[in-house]
Amino acid sequence: MEGGEGIDQGLRVLSYLLSGPLLYGFLGWLLDQWLHTSYWMVLGIVFGMAAGVYLVIRRFGRP
Amino acid sequence: MGLLGLIIPMEGGEEGSHWPPGVHSFDPKPLFPDAGIDWLNTYLLQAVIATILVIVLWLWVSKHQKVVPGFKQWCGEQLYNVVRNGIGRDALGPDYQKFTPYLLALFSFILVNNLFGQFFLSMFPTFSRVGYAYALALLTWLLYNGVGIAKHGLGGYLKMMTMPKGVPWPLYIIIIPLEILSNFIVRPVTLALRLFANLFAGHLVVIVFVVGGTLLLEQSSFLYKIAGGASLLMAYPIFALEIFVGVLQAYIFTVLTAQYVASSLADDH
């Protein structure tokens, strides 16, 4: 049986893509609570997605 | 009701209170409900039995080794080779021998516990309780971080895990928290949740088919009885699927543990 590395890489990509929106969405939510606004969380989620995609390219993309 | 009655699940047996099936169907049942020791429940018993089974199995298989293997030894070696060659050597390269004992123990322990979900006396997979899955993921977490720190030193390991090459330095402020979250929290947590959720969901489907089928069979309408019988029959293919999922998840958990260790040991990403 082979393909263990492929499974791991795929799941790591997934993990990055999950972590980005989670982390920056949470930070945005905190900022929203603090400033009594309602848009930082959305901005944070989008920004986190972008950061996650960037990280995936850096880690796994071909130069 | 004796001890056996508590180990045998209540699927289909009880009326009323078990419909609809849900998270409560997985509540641990204390072995001695009157003794006030709630922690001594069926899940713990299963885990302990599985541990004993795994130890006894490998002691039995490895006893009286011969140069020309008999059937028992051949079967043991085949299973051992799947873990050692297919998982360990495939992922870890020349260092694989050091990690084979852990991988083999992990694989057989998860496998036995998953098959408990289909075994007629237990009927609950141990890892449908999320705490047990977290405990295994914690072990793997300690292993891959410990191995990485031992090889690269604390600073070097953290640098390797959190600072990918080719990123301009201002971006590290954004990237490093993300890497920490991804590598040290999300990856092990998803490792545990994957094992837990597969077994939990699969077993819930079985409960729905069996309990629902029984309930339909008890109705007076003839059509309900037909639907109930069909539902009970459908439980068997689902059981077969559950056996497959149990084996697959044991394999995946072990493969990913090996891969996590391999990525901690890697010189460069």
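Residues numbered from 1 in each chain as written. Chains lettered and ligands numbered in written order. Predicted model: local features only at pLDDT ≥ 70, side-chain atom pairs only at ≥ 80, totals over all residues. Heavy atoms only, no water.

Observations regarding unusual backbone geometry
Negative phi is the rule for most residues except glycine; trans is the rule for most peptide bonds.
Residues and elements named next belong to chain A.
And step 1. In this structure, His-36 takes a positive phi of about 55° despite not being glycine.
And step 2. Looking at the secondary structure, you find His-36 in the loop between α1 (4-35) and α2 (40-60).
And step 3. Using a relative accessible area of 72% as the deciding quantity, one classes His-36 as exposed. (Helix = DSSP H or I, 4+ residues; strand = E, 2+ residues; numbered from the N terminus. Buried < 20%, exposed > 50% of the residue type's maximum accessible area, 1.4 Å probe, protein only.)

Notes on the interface of chain A and chain B
And step 1. Counting residues at the interface gives 22 residues for chain A and 32 residues for chain B.
And step 2. Here chain A and chain B share an interface that buries about 2200 Å² over both sides, 64% of which is from carbon and sulfur atoms.
And step 3. Summed over the shared surface of chain A and chain B, the result is two salt bridges.
And step 4. Notably, a salt bridge pairs Glu-179 of chain B with Arg-59 of chain A, separated by 3.0 Å at the nearest N-O pair.
And step 5. The tally of links between chain A and chain B comes to six residue pairs in polar contact (both at pLDDT 80 or more).
And step 6. For the side of chain A that touches chain B, the secondary structure elements donating two or more residues are α1 and α2 of chain A.
And step 7. Sort the elements by how many residues they give to the side of chain A that touches chain B and α1 of chain A lands first, with 12 residues. (Contact = heavy atoms within 4.5 Å. Buried area = accessible area lost by both parts, 1.4 Å probe. Salt bridge = Lys/Arg side-chain N within 4 Å of Asp/Glu carboxyl O. Polar contact = N/O pair within 3.5 Å; in protein donor to acceptor, adjacent residues only side chain to side chain.)

Describing the packing of aromatic side chains
And step 1. The tally for this structure, following the rule as stated, stands at 14 aromatic pairs over all chains.
And step 2. Between the aromatic rings of Tyr-39 of chain A and Trp-40 of chain A, the centroid separation amounts to 5.5 Å while the plane-to-plane angle is 35°, which identifies the pairing as tilted.
And step 3. Overall, the relative accessible area of 32% leaves Trp-40 of chain A in the partly exposed class.
And step 4. Ring geometry for Phe-116 of chain B versus Phe-119 of chain B: centroids 6.4 Å apart, planes at 40°, classification tilted.
And step 5. By relative accessible area, which is 8% here, Phe-116 of chain B ends up buried.
And step 6. An aromatic cluster of three or more residues is present, and its members are Phe-26, Tyr-43, Phe-124, Tyr-132, Phe-196 and Phe-200 of chain B.
And step 7. Over the aromatic face of Trp-60 of chain B sits the side chain of Lys-72 of chain B, whose NZ or CZ is 5.2 Å from the ring centroid. (Phe/Tyr/Trp six-rings, centres within 6.5 Å; stacked < 30°, edge-to-face > 60°. Lys NZ or Arg CZ within 6 Å of the ring centre and 35° of its normal.)

Observations concerning the environment of Gly-93 of chain B
All names here are of chain B.
And step 1. With respect to the helices and strands, Gly-93 occurs in the loop between α3 (71-92) and α4 (96-115).
And step 2. The partly exposed category is assigned to Gly-93, whose relative accessible area is 23%.
And step 3. Sequence spacing of Gly-93 and Ala-262 is 169 residues, and the spatial spacing of their C-alpha atoms is 8.4 Å.

Quick look at the environment of Pro-125 of chain B
And step 1. Considering the arrangement of structural elements, one finds Pro-125 of chain B in the loop between α4 and α5 (130-162).
And step 2. Excluding anything up to four places from it in sequence, Pro-125 of chain B contacts Tyr-43, Gln-46, Asn-113, Asn-114, Phe-116, Gly-117, Leu-199 and His-203 of chain B.

Some remarks on the packing of α4 of chain B against α5 of chain B
Residue and element names in this part refer to chain B.
And step 1. Following both chains from N to C, one finds α4 and α5 inclined at 165°, their axes separated by 12 Å at the closest point. When the axes of α4 and α5 are compared, the pair comes out roughly antiparallel. The two elements α4 and α5 cross, and the hand of that crossing is left-handed. Together, Phe-99, Tyr-102, Leu-106, Phe-109 and Ile-110 of α4 and Leu-136, Leu-139, Thr-140, Leu-143 and Val-147 of α5 make up the contact between the two elements.
And step 2. When its residues are assigned to classes, the contact of α4 with α5 shows nine nonpolar, one polar and no charged. (Axes fitted to C-alpha atoms, helices over the stretch in contact; angles between N-to-C directions. Parallel < 35°, antiparallel > 145°, perpendicular 65-115°, else oblique. Left-handed = near helix turned anticlockwise from the far one by under 90°. Nonpolar A, V, L, I, M, F, W, Y, C, P; charged D, E, K, R; others polar.)

Some remarks on the nonpolar core
And step 1. Judged by nonpolar contacts, the single largest core of 52 residues is most densely connected at Leu-92, Ile-110, Phe-127, Leu-136, Leu-195, Phe-253 and Val-261 of chain B.
And step 2. Breaking this core down by element, the ones donating at least two residues are α2 (42-62), α3, α4, α5, α6 (172-217) and α7 (222-265) of chain B.
And step 3. Of all the elements, α7 of chain B adds the most residues to this core, at 11 residues.
And step 4. Contact partners of Leu-195 of chain B, with chain neighbours within four places excluded, come to Ile-110, Asn-114, Phe-127, Ala-133, Leu-136, Gln-249 and Phe-253 of chain B.
And step 5. Counting residues in hydrophobic clusters, the runner-up holds 12 residues, among them Tyr-24 of chain A together with Val-167, Ile-175 and Leu-178 of chain B. (Core = buried A, V, L, I, M, F, W, Y, C linked by side-chain atoms within 4.5 Å.)

Remarks on the confidence of the model for chain B
Residue and element names in this part refer to chain B.
And step 1. The predicted model of chain B has a mean per-residue pLDDT of 85, with 92% of residues at 70 or higher.
And step 2. Element-level mean pLDDT values for chain B span from 41 in helix α1 (residues 3-7) up to 93 in α4.
And step 3. Confidence drops under pLDDT 50 across residues 1-16; counting only partners more than four residues distant or on other chains, this segment forms 28 contacts.
And step 4. In the predicted complex, the global pTM is 0.85; the interface-specific ipTM is 0.85. (pLDDT = per-residue confidence, 0-100.)

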